[in-house]
Amino acid sequence: MERAVRFIILSVVFFVSQINCQEAILHISNENTNKEYCIVYNQSWTPLSQTLDDALQYPVVNMTSTVLCNPSGVTPDVVKGKALVVMRGDCDFSKKALVAQGLGATALLIASKIPLITPSANATEYAKINIPLALMRYKDFIEAQQVFGEGMQVKLYAPPNPKIDASIVVMLLIAIITVSLGGFWSGACERERMNGDGGGGESKADPKELFLYSPLKVVIFVAMMCGMLVLMYFFYNVMVYAIIAIFCLASASALFSCIDAVMEKLSCPTGSFTIKNCTFSVRSLILAAVCISVAVVWGVYRNEDRWIWILQDFLGVAFCLNFLKTVSLSNFKICVILLSLLLVYDVFFVFITPFFTKNGVSIMVQVALGPDASGEKTHGNMVEVPAEPQAPSEKLPVVMRVPRFSAWAQNLCGMQFSILGYGDIIIPGLMVAYCSRFDVWVNSSKKIYFISCCIAYLLGMIVTFAVMLLSGMGQPALLYLVPFTLTASAVVAACRGEMRQFWAGTTYMVRRPVLDSSREPLLPGLLSHQSSLLHLSRLLMQIFS
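Residues numbered from 1 in each chain as written. Predicted model: local features only at pLDDT ≥ 70, side-chain atom pairs only at ≥ 80, totals over all residues. Heavy atoms only, no water.

- By the naming in an unreviewed UniProt entry, the chain goes by PA domain-containing protein and is assigned to Gasterosteus aculeatus aculeatus.

Structure (C-alpha cells):
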C-alpha cells in the first residue's frame, strides 16, 4: 500500500512538473505601449528568467548594420549596459556573444532573415558567456522599430511549459461529451422506431441509416480505409482539396441534422408554405442557410489558426454526432470485428510505417498534420522557427484541434495544438451507440450498458493521454480505447447473463425493391421461439399473397 501511494505521488509530481523550452519571449515596451515577440535561445547559455516580473529590463541599441564578428567600429560607451541587436552571419554565435560581452553589453539579440534555430556552440564556450543570447526574426525587429521608435526597452524571459496543458482537459471533455451524446441519440432513435412499430420487439430500419451487418463488408470497409490513407499519403496535394470539399458538405448536413433534431424536440414551429404544389418549411430553409454559411466560413478561413479551430471543432462534433446516429452496428460480433481490425490499422500506420517512410514519420501523422505543415519544427532538443511568414499549408479536416493554452512562448513562434482524430471518437462511439440501443432492446431502465461503455471510454482516453505524456510522443488512441470499451461491454453482458443476446444483436426488417415487395430479415437476431414462428408465418403470407 505504501509503495502504491509513493508511486501515485511521484506520478503526480511528474505530471505537474514543468519543462523548459527553447522558445522564449521578447517583451518590448516604451512609456505608452508594449508588445511581445518570439525568440529562440539555448538553455546552455545564460538562463533566462521564468516570469516577466523577474526579468531585467535593458535599453536597446540597434546595430543591425553589423554582424559583430569583431569589436572594430563599435564604441564601448554606446553599448555598455544595453541590449545589442546585430545581424546573423559570418561567424559563430559564441564569437558574437564574446565580442558583445567584451564591449560591456548586457544582452545580445541576433536578428535573422533565415529560419531561427537553437543557438549552439562547443561545450567549452558556454561557460565563457555570461550574458543572455537569443535569436529573433529580423522582420519583428523592423516592426518593433516602427511601433516603438528609438526608446525601446526589452525584457527576455522563458516561461516554463507544464507537462499537462489545459488543452488536454478540453480535448477530453469534447471527446467524452460527443461520444455520450452520440450514443444517447442513437438509443433515442431506436426507442422511437420501436415505439412507432408498436413495441413488438422488431423495428424497421430507417432508410436514411446505414447498418453494418456483414463481416465481409466490415473487412471491405477497413480495406478501403487503408487504401484511402495510402492514397492521401502519396497524392496529398491533390486529395486534400477533395476532402475539404467533402467535409464542408458533410459537416453542413450534419449540423443541420443535429440542430433540426433539437428544434424538433423543443417543438419549434416549422412555418411551412406551398409554391406550385411544393411544400417548403421556413424553419428548414433558414436552418439550411445558416449551416451552409457556417461551413462556407470555415472553408474560406480554414487556415486562420488563431480562431478557426473553434469552428472546425464545432463542425467536427456535429459530424461525429450525425455519424454515430446514422451508422449502426448490428451486433457485438460486428463490433468486435470492426474495432479489432481498426485497432490493427491504427497501430500499423502509427508505429510500423515509420520504418518504411523516407523521413521516418508515420503515414498517419503525415496525413493528419500535412507534409508541409508550417510553424515550429523540432528535432530532438533543437528548434527551428520560420523567419518569414509562409504560405498556409493545407491540412485535412479530420481532427479536433485545441491550442496549448500554457505554451505562451511557443504560440508566439507558431500556434501549437493538441489534436485528436475523428476516428478516435467515432470508432469507439459506434460501440457506445450499440450499447445504448441494446439497453433499449432489453428495456434496461438504468442504461447499464451505455453508462458502462461511456465510463470505459473515459478511462481509455485518460490512459491514452497518460501514456502520451509519459512517452513524450503521440499515441494510437484505439490501442487503449478498443480494449477498454470491448472488455467493459463484454463483462457487463456476462455478469447480467445476456452475453448470447448481446453477441447476436437484434433483427431489422427492411423493404427490398423486388416485384412481390416481400420483406425478409437483413440481420441475424434473437427472438423467442413464439415470435420466430410468428415472424415466419408473416413472411410466408407476404410471399404467397
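1. Concerning the state of the cysteines
Note on terminology: disulfide describes a covalent bond linking the sulfur atoms of two cysteines.
Stage number 1. Evaluated as defined, the whole model comprises one disulfide.
Stage number 2. Cysteine Cys320 is unpaired, with the sulfur of Cys258 as its nearest cysteine sulfur at 9.8 Å. (Disulfide = S-S within 2.5 Å.)

2. Quick notes on empty space enclosed by the protein
Stage number 1. Enumeration over the complete set of coordinates arrives at one cavity of 30 Å³ or more.
Stage number 2. Along the walls of the largest cavity sit Val60, Asn62, Gln145, Gly149, Glu150 and Met152, which together make up its complete lining.
Stage number 3. Grouping the amino acids of the lining of the largest cavity by side-chain chemistry returns two nonpolar, three polar and one charged. (1 Å grid on protein atoms, 1.4 Å probe; cavity = no way out; pocket = protein on both sides within 12 Å on 5 of 7 lines; lining within 4 Å. Points joined across faces, edges and corners; volume = space filled by probe spheres on them. Nonpolar A, V, L, I, M, F, W, Y, C, P; charged D, E, K, R; others polar.)

3. What about a nonpolar patch on the surface?
Stage number 1. Together, Phe273, Ile275, Phe280, Val282, Leu285, Ile286 and Val290 give the surface a local cluster of nonpolar side chains, amounting to about 570 Å² of exposed area.
Stage number 2. Taken together, the elements giving at least two residues each to the nonpolar patch come down to β13 (272-275) and α9 (282-300).
Stage number 3. It is α9 that contributes the most residues to the nonpolar patch, four residues altogether.
Stage number 4. By secondary structure assignment, the location of Phe273 is in strand β13. (Patch = residues over 30% accessible without salt bridge, like charges linked within 9 Å, V, L, I, M, F, W, Y side chains within 5 Å. Areas by Shrake-Rupley, 256 points an atom, 1.4 Å probe, with all protein chains shown as cover. Salt bridge = Lys/Arg side-chain N within 4 Å of Asp/Glu carboxyl O. Helix = DSSP H or I, 4+ residues; strand = E, 2+ residues; numbered from the N terminus.)

4. What to know about the packing of aromatic side chains
Stage number 1. Throughout the structure, instances matching the rule amount to 18 aromatic pairs.
Stage number 2. Arranged with centres 5.0 Å apart and planes meeting at 65°, the rings of Phe247 and Trp298 form a pair that is edge-to-face. Placement of Phe247 in helix α8 (residues 236-265) and of Trp298 in helix α9 is noted, with a sequence separation of 51 residues between them.
Stage number 3. Relative to Phe319, the ring of Phe247 has its centre 6.5 Å away and its plane inclined at 50°; by these criteria the two rings are tilted. Here the residue Phe247 occupies a position in helix α8, and Phe319 occupies one in helix α10 (residues 308-326), the gap between them amounting to 72 residues.
Stage number 4. One Lys or Arg, Arg401, reaches over the ring of Phe417 and ends 4.4 Å from the middle of that ring. (Phe/Tyr/Trp six-rings, centres within 6.5 Å; stacked < 30°, edge-to-face > 60°. Lys NZ or Arg CZ within 6 Å of the ring centre and 35° of its normal.)

5. So, the pairing of strand β14 (residues 278-281)
Stage number 1. Bridge count for β13 against β14 is four bridges, and the pairing is antiparallel. Its bridge partner being in β14, Thr274 is matched across the sheet by Thr279.
Stage number 2. Between the antiparallel neighbours β13 and β14 lie two residues, among them Lys276 with a positive phi of about 50°. (Pairing = 2+ DSSP bridges.)

6. Thoughts on the packing of helix α14 (residues 423-441) against helix α16 (residues 478-495)
Stage number 1. Across the interface, α14 lies against α16 with an axial gap of 10 Å and an inter-helix angle of 5°. By the angle between their axes, α14 is roughly parallel relative to α16. Taking contact as the criterion, the partners of Gly423, Asp424, Ile427, Pro428, Met431 and Cys435 in α14 are, on α16, Leu478, Leu481, Thr485, Leu486 and Ser489. (Axes fitted to C-alpha atoms, helices over the stretch in contact; angles between N-to-C directions. Parallel < 35°, antiparallel > 145°, perpendicular 65-115°, else oblique. Contact = heavy atoms within 4.5 Å.)

7. Details of the layout of surface pockets
Stage number 1. Here the second largest pocket is characterised by a volume of approximately 970 Å³.
Stage number 2. Around the second largest pocket sit 31 residues that line it, and Trp185, Cys189, Ala261, Val262 and Lys325 are the ones nearest its centre.
Stage number 3. Elements with a minimum of two residues in the lining of the second largest pocket: α6 (166-196), α8, α10 and α14.
Stage number 4. No other element matches α6, which puts nine residues into the lining of the second largest pocket.
Stage number 5. Here the residues of the lining of the second largest pocket sort into 14 nonpolar, five polar and twelve charged.

8. Quick word on the packing of α6 against α14
Stage number 1. Contact pair α6 / α14: the axes reach a minimum separation of 8 Å and the direction vectors enclose 35°. The two elements α6 and α14 cross, and the hand of that crossing is right-handed. Mapping the contact onto sequence places Ala175, Thr178, Val179, Gly183, Phe184, Ser186, Gly187, Glu190, Arg191, Arg193 and Met194 in α6 and Ile425, Gly429, Val432, Ala433, Ser436, Arg437, Val440 and Trp441 in α14.
Stage number 2. Along the lines of polarity and charge, the residues of the contact of α6 with α14 split into nine nonpolar, six polar and four charged. (Left-handed = near helix turned anticlockwise from the far one by under 90°.)

9. A few points about the side chain of Thr353
Stage number 1. Its place among the elements puts Thr353 in the loop between α11 (332-352) and α12 (363-369).
Stage number 2. Beyond its immediate sequence surroundings of up to four residues, Thr353 is in contact with Phe348, Ser362 and Ile363.

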